[in-house]
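Chain residues, written in single-letter form:
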Amino acid sequence: MIKFFLMVNKQGQTRLAKYYEHVEINKRTVLETEVIKSCLSRSNEQCSFIEFKDFKLICRRYAALLIVVGVNDTENEMAIYEFIHNFVEVLDEYFSRVSELDVSFFKAVSQVFLSTWQSTGVVLIRFYF
Amino acid sequence: MPAVSKGDGMRGLAVFISDIRNCKSKEAEIKRINKELANIRSKFKGDKALDGYSKKKYVCKLLFIFLLGHDIDFGHMEAVNLLSSNKYTEKQIGYLFISVLVNSNSELIRLINNAIKNDLASRNPTFMCLALHCIANVGSREMGEAFAADIPRILVAGDSMDSVKQSAALCLLRLYKASPDLVPMGEWTARVVHLLNDQHMGVVTAAVSLITCLCKKNPDDFKTCISLAVSRLSRIVSSASTDLQDYTYYFVPAPWLSVKLLRLLQCYPPPEDAAVKGRLVECLETVLNKAQEPPKSKKVQHSNAKNAILFETISLIIHYDSEPNLLVRACNQLGQFLQHRETNLRYLALESMCTLASSEFSHEAVKTHIDTVINALKTERDVSVRQRAADLLYAMCDRSNAKQIVSEMLRYLETADYAIREEIVLKVAILAEKYAVDYSWYVDTILNLIRIAGDYVSEEVWYRVLQIVTNRDDVQGYAAKTVFEALQAPACHENMVKVGGYILGEFGNLIAGDPRSSPPVQFSLLHSKFHLCSVATRALLLSTYIKFINLFPETKATIQGVLRAGSQLRNADVELQQRAVEYLTLSSVASTDVLATVLEEMPPFPERESSILAKLKRKKGPGAGSALDDGRRDPSSNDINGGVEPTPSTVSTPSPSADLLGLRAAPPPAAPPATSGAGNLLVDVFSDGPAAQPSLGPTPEEAFLSELEPPAPESPMALLADPAPAADPGPEDIGPPIPEADELLNKFVCKNNGVLFENQLLQIGVKSEFRQNLGRMYLFYGNKTSVQFQNFSPTVVHPGDLQTHILPLAVQTKRVAAQVDGGAQVQQVLNIECLRDFLTPPLLSVRFRYGGAPQSLTLKLPVTINKFFQPTEMAAQDFFQRWKQLSLPQQEAQKIFKANHPMDAEVTKAKLLGFGSALLDNVDPNPENFVGAGIIQTKALQVGCLLRLEPNAQAQMYRLTLRTSKEPVSRHLCELLAQQF
């Protein structure tokens, strides 16, 4: 199951965060800092799956953008890894060329995307709006 | 469908956003925002009614401001108004605002719910979707309460559009996860399963997610999903790469849906239906085959999607663990990935293989990859991959490769990342113990472990090696030699000193013959480490020293010198000080014999599950982070043990150093209360000695023990004194029957009159008669003393009544006089009615005061089921006919037993008649045998009963067979009667 979805820029600022489990606001900041730290420090040779506390982080990098998905044990890592790419492709198509600013600019829209798309961890392949 | 993109017609919004972006400073930004807020406020408050467009624009601006991190305290109402708009974009912004900024303002929630309700009922699919998304996004309990019942209906309605069904499924899933109790299960569940057959892949995907979640709670309700999922999966897997159009991702048909279907199947055991199973196996094989085909695209997305399905297929194969052929194929496939250039694949292959290693079918196949895995452990550049490799090595380890694996892990440990060292240490320790063929290898391994990664060796690990060395004679000499050598290293870890100190203290004598390790050498070697060690270790070493005095009398003077030194006798640490003082006194006061007894070698430890294993299990648990440092750095446990040894309270291993002296095993010679032997012995010895330090009381540990002591012996007493709660029917307490009660009862199975009980004070006589289901019993209580019994009160209670709440017996008693004079007798009459069959007799409890002391006595009243026997005469023919009628196995009870009394035919006959049945002559062909028949009369029913007793005079045995129409009655009668012969 997907626990959260984060979009982070190279400087480590969270651009988009969507939680699928209740996490208190002040704990989110701590969590995000830790997550971002452990993801940004990774090189390309390292694998994209990181064991983090009692769950797993799956991260994928796009130029200046880093996407991290936190999942629990039962999720298929490869499927989520590829789902991240699919999500970026859809954003790309929607915004005609997605950049970090687009994401922050249309944070709210992305929010809707995400929730429509895979509310509680469901992956739909194509958009319908 | 329309969408909001880049201001889309809202020029004001675009201008505002670019203004904000152009702000040079935070202050400028705030200023601009405040200006905008004032503007919006005035617009909302203005007299002129705003049109939908303006409302939308301003709500959008507010939303943007909120997302920039500013508080918004108005505009909610306008957003709610937007919900009732008929324009999609306005409605959408309204929902967006509410999803992001919802608060539990009750007034608003009611309005929002109303708008949602309207949209759900609107039959406009777009509006319905917006409403469903809003419910899912908010997902609060209030929303659940308002809509959880409606959504299943929308989900399975025949006329719902695909997109609505899809959203409804996801929305329901969200609500179910948030508050499962709100989602009613019902007939819709069966129809949800059929969504797996839906034409629309989006609906199928959403439905699979929903079913996977729901079926975890009620697997049986959704069992039909197996065959539907298999056929859906089979259609996807066998479809051409272009068949599914929109749902084909880089030439892979519906990868995420396939993964979800495979995952759903993992909620169930393999399909029982052979056809379904065959089809599924075919699918799994197809996936494995496809992995070998050349890729249809060079793009990484293609292979990633393909591999996602492959890994999920392999987990399903592992989950089933029943197809050896597939398991081995899966293993080979993973073997290929182990050397793949993609790190991600290597990681996942190692992870999957780890679960594969535990299957008996594929364990051997996994083992063939050992070299690759060892290589991965050495060369992988990513710590998480190395960790997976270490896990896999641990999983594939067995007796055949243990030495290789353990030595590789030890080698890896020297360079291992700090994060995983402790886990590797635990794993090495477990493997070494589990697969040790010779224990010298085990000792070497653990000592190496301490040498390489001493800091990561937890208490459990070195406790365990001490336990094993103590329990195994054959390894003690070797262990002593090895630790002695290890201690010679200039810098050795404190854990090594602990193990060394303990082992030399116990078994140092085994290597004392060698001049290189003579007693003085051993002592000075240990003592050279002493000053660098922590208090706990020094305390342990002091115990080693006193053991040395016993083992090697020649070192006594040196050691006494050390103990006497001011740094010990006046040590600031109370534990060290106490040990020094007590050991010094012990060594000078006690004779050699006493010393030898007190300081005897430790007895073997009782065998138990390795505490290391328990620790690893804990580490693997969810709270792994905190489990890392439990106990070991827990200051509170130090306090409890007075700094003797930080024994984690969660660990069951006894602390060897606390017990190092073996004092608890030795009998305390002169200690009056034999509870805390060690303390008392030492204190006794000590009182003869010189100048007692006033500060020395019992150690905190003993104080702790003695505080615990008092309640312990009391509790069993209390249990005995208290009546068992089950036998406590009312205000009068009934104790458990006296031990002889059963024996006394047996005497009355075949007779109705006699003395039931007798002791020095009281005699109880019984006279009784039974007819059909009624009985009358006279009890005679005789006072055998010359003193009056006071408060004399006999009561009858049936213990069965609490369990069944149905009284099998109705017993009427009359009260008797509360005083029974010395030598007098009182009589009590009991009227008994048998309502139904019963197994346990009633209890008779007699209480009285004799000379001021309360007396109580509980007996079993001699009323057994056979008392209600009505003898029945019948001819041989009838008997056999009925005997055959009662031929079900549970109707018969049989017992073969040895005769306890002389086998006299006349006595037997009398007993059988006394038992209550009629004796039938000329029925059994063998005249030695007895055959009887009767009916047990109860108010509720009558139980016909046939019996046959076959004595075997030669073997002094009987065989007793009873047949009745009620199983418990047969057994009970058989048991009762069998005890009579």
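Keep in mind it's a predicted model, so treat the numbers as computed, not measured.

A. Geometry of the sheet that holds strand E9 (residues 843–850) of chain B. Residues and elements named next belong to chain B. If you trace the three strands from one edge of the open sheet to the other, you get E6-E9-E10, paired in antiparallel fashion. Strands with a single pairing partner mark the edges of an open sheet, and in this sheet they are strand E6 (789–797) and strand E10 (853–860). Within the sheet, the average angular offset between the axes of one strand and its neighbour, ignoring direction, is 15 degrees. Examined bridge by bridge, E6 and E9 share seven bridges and lie antiparallel to one another.

B. Region of the structure containing the confidence of the model for chain A. Per-residue confidence for chain A gives a mean pLDDT of 73, with 72% of residues at or over 70. Low pLDDT (under 50) marks residues 111–129 of chain A, which in the prediction has 77 contacts with non-local residues, meaning those over four places away or in another chain.

C. Here's a closer look at the packing of helix H23 (residues 418–434) of chain B against helix H25 (residues 459–471) of chain B. All names here are of chain B. With their axes 11 Å apart at the nearest point, H23 and H25 run at an angle of 15 degrees to one another. Relative to H25, H23 is oriented roughly parallel. In this structure, the crossing between H23 and H25 has a hand that is left-handed. Every residue of H25 that contacts H23 at Val-425, Leu-426, Ala-429 and Glu-433 is listed here: Val-461, Arg-464 and Ile-468. Looking at side-chain class alone, the contact of H23 with H25 contains five nonpolar, no polar and two charged residues.

D. Layout of the packing of helix H21 (residues 383–396) of chain B against H23 of chain B. Residue and element names in this part refer to chain B. Relative to each other, H21 and H23 sit at 10 degrees, their axes nearing to 11 Å. Judged by the angle between their axes, H21 and H23 are roughly parallel. In this structure, H21 meets H23 at a crossing whose hand is left-handed. In this structure, H21 contributes Val-383, Gln-387, Ala-390, Asp-391 and Tyr-394 to the contact, and H23 contributes Ile-420, Glu-423, Ile-424, Lys-427, Ile-430 and Leu-431. Each residue belonging to the contact of H21 with H23 can be placed in one class, and the counts come to seven nonpolar, one polar and three charged.

E. Inspection of the side chain of Thr-961 of chain B at higher detail. All names here are of chain B. The topology assignment puts Thr-961 in strand E16 (residues 957–964). Residue class for Thr-961 comes out buried when judged on its relative accessible area of 3%. In this structure the side chain of Thr-961 is engaged in a polar contact, spanning 2.9 Å, whose partner is the side chain of Gln-894.

F. Spotlight on helix H15 (residues 274–292) of chain B. All names here are of chain B. With 19 residues, H15 should reach 27 Å at 1.5 Å per residue; the first-to-last C-alpha distance of 27 Å fits that figure. Considered for burial, the residues of H15 that qualify are Val-276, Leu-280, Val-281, Cys-283, Leu-284, Val-287 and Leu-288. For H15, the angular spread of buried residues about the axis comes to 155 degrees, placing them on one side. Exposed and oriented more than 90 degrees from the buried face of H15 are Ala-274, Ala-275 and Glu-282. The elements touched by buried residues of H15 are helix H13 (225–238), helix H14 (255–265), helix H16 (300–320) and helix H17 (324–338).

G. Spatial organisation of the nonpolar core. Residues and elements named next belong to chain B. By size, the foremost hydrophobic cluster in this structure holds 227 residues, and its most contacted members are Ile-116 and Leu-449. At eleven residues, helix H12 (residues 201–215) tops the list of elements feeding residues into this core. Setting aside residues up to four positions removed in sequence, Leu-449 forms contacts with Leu-410, Leu-413, Val-425, Val-428, Ala-429, Gly-454, Val-457 and Val-461. Core analysis: the next-biggest nonpolar cluster, separate from the first, contains 58 residues, Ile-738, Ala-741, Cys-834 and Phe-838 among them.

H. A look at the pairing of strand E4 (residues 762–771) of chain B. Residue and element names in this part refer to chain B. Bridge count between strand E3 (residues 754–758) and E4: four bridges; the pairing is antiparallel. By the bridge assignment, Phe-757 is partnered in E4 with Ile-764. Between the antiparallel neighbours E3 and E4 lie three residues. Where E4 and strand E5 (residues 774–783) come together, ten bridges link them in antiparallel fashion. By the bridge assignment for E5, Gly-765 is matched with Phe-780.

Cut-off values and rules
Residues numbered from 1 in each chain as written. Chains lettered and ligands numbered in written order. Predicted model: local features only at pLDDT ≥ 70, side-chain atom pairs only at ≥ 80, totals over all residues. Heavy atoms only, no water. Pairing = 2+ DSSP bridges. Helix = DSSP H or I, 4+ residues; strand = E, 2+ residues; numbered from the N terminus. Axes fitted to C-alpha atoms, helices over the stretch in contact; angles between N-to-C directions. pLDDT = per-residue confidence, 0-100. Contact = heavy atoms within 4.5 Å. Parallel < 35°, antiparallel > 145°, perpendicular 65-115°, else oblique. Left-handed = near helix turned anticlockwise from the far one by under 90°. Nonpolar A, V, L, I, M, F, W, Y, C, P; charged D, E, K, R; others polar. Buried < 20%, exposed > 50% of the residue type's maximum accessible area, 1.4 Å probe, protein only. Polar contact = N/O pair within 3.5 Å; in protein donor to acceptor, adjacent residues only side chain to side chain. Expected span 1.5 Å × (residues − 1). Arc of directions from axis to C-beta. Core = buried A, V, L, I, M, F, W, Y, C linked by side-chain atoms within 4.5 Å.

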